[in-house]
Amino acid sequence: MSEPVVTEGDLAEMVEQVWVSYLDPEGVSPLVVHGDMKQPSDVHSTVSITGNWHGHLVYASSRDAAKKAAAAFLAMEPDEVGQEDISDVLGELANIVGGNVKAMLPAGCFLSLPTVVLAPDTASYYPAAERISGLYGVWDGEPVSISMWQSVKQEASA
């Protein structure tokens, strides 16, 4: 696998900007990165990148963290947040970070619409891709991760 075009440091910067802009503008509840790649997750949102680079950006978290993210993003109380709100916000978070990632990749890359799965981590599996970077942490005691996966098939066709 070749050297990642977007480093973990780049990804951390992008995620921090999203956190400060949308999820924790007051700075009272940051994402605390701990590096445990095997943390559980209940919900996932993914955007795929195709063209001159092939892969995925995956946002995953517990359902409670997803509900809190939706409440913060939509300026609602957590008990007002419905499943559709969670799905919309998770898709938008993947889309925002994925768009920033795409901007750092070679020209000629395209970003898909987000796919959101409100199910345990066994529902999201990328057999033709390998993880190249990621942030794994907790937000108010709940697991959250943002990871990048690169297609292993693109090298064969390059």
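Structure shown above.
Overview of the structure. (Residues numbered from 1 in each chain as written. Predicted model: local features only at pLDDT ≥ 70, side-chain atom pairs only at ≥ 80, totals over all residues. Heavy atoms only, no water.)

### Points about helix H3 (residues 83–104)
Move 1: Its 22 residues place the ends of H3 32 Å apart at the C-alpha level, agreeing with the 32 Å of an ideal helix rising 1.5 Å per residue.
Move 2: Within H3, the full set of buried residues consists of Ile86, Val89, Leu90, Gly91, Leu93, Ala94, Ile96, Val97, Gly98 and Val101. (Helix = DSSP H or I, 4+ residues; strand = E, 2+ residues; numbered from the N terminus. Expected span 1.5 Å × (residues − 1). Buried < 20%, exposed > 50% of the residue type's maximum accessible area, 1.4 Å probe, protein only.)

### A look at the packing of aromatic side chains
Move 1: Following the criterion strictly, the structure yields two aromatic pairs and no others.
Move 2: When the ring of Trp19 is compared with that of Trp139, the centres are 5.1 Å apart and the planes differ by 75 degrees; the resulting orientation is edge-to-face. Taken together, the residues span a long stretch of sequence, with Trp19 in helix H1 (residues 8–23) and Trp139 in strand E6 (residues 129–139) at a distance of 120 residues. For the residue pair Trp19 and Trp139, the accessibility class agrees, reading buried in each case.
Move 3: Summarising the aromatic geometry, the rings of Tyr22 and Phe73 are spaced 5.0 Å apart at their centres and angled 25 degrees between planes, so their arrangement reads as stacked. Residue Tyr22 is found in helix H1, and its partner Phe73 is found in helix H2 (residues 63–74); the two are separated by 51 residues along the sequence. (Phe/Tyr/Trp six-rings, centres within 6.5 Å; stacked < 30°, edge-to-face > 60°.)

### A word on unusual backbone geometry
Move 1: Despite not being glycine, Ala75 shows a phi value in the positive range, around 55 degrees.
Move 2: Structurally, Ala75 is set in the loop between H2 and H3.
Move 3: Its relative accessible area of 73% is what places Ala75 among the exposed residues.
Move 4: A positive phi angle, near 50 degrees, is found at Asp140, a position not held by glycine.
Move 5: If you trace the backbone, Asp140 turns up in the loop between E6 and strand E7 (142–151).
Move 6: Under the relative-accessibility criterion, Asp140 is labelled exposed at 51%.

### Structural notes on H2
Move 1: Look at H2: 16 Å from first C-alpha to last across 12 residues, which is about the 16 Å you get at 1.5 Å a residue.
Move 2: Every buried residue of H2 is listed here: Ala65, Ala66, Ala69, Ala70 and Ala71.
Move 3: The elements touched by buried residues of H2 are H1, strand E2 (43–51), strand E3 (55–61), H3, E6 and E7. (Contact = heavy atoms within 4.5 Å.)

### Quick notes on the environment of Ile86
Move 1: Within the secondary structure, Ile86 is located in helix H3.
Move 2: Separated by 45 residues in the primary sequence, Ile86 and Ser41 place their C-alpha atoms 14 Å from one another.
Move 3: With sequence-adjacent residues up to four places away left out, Ile86 is seen in contact with Arg63, Ala66, Lys67, Ala70, Val81 and Leu118.

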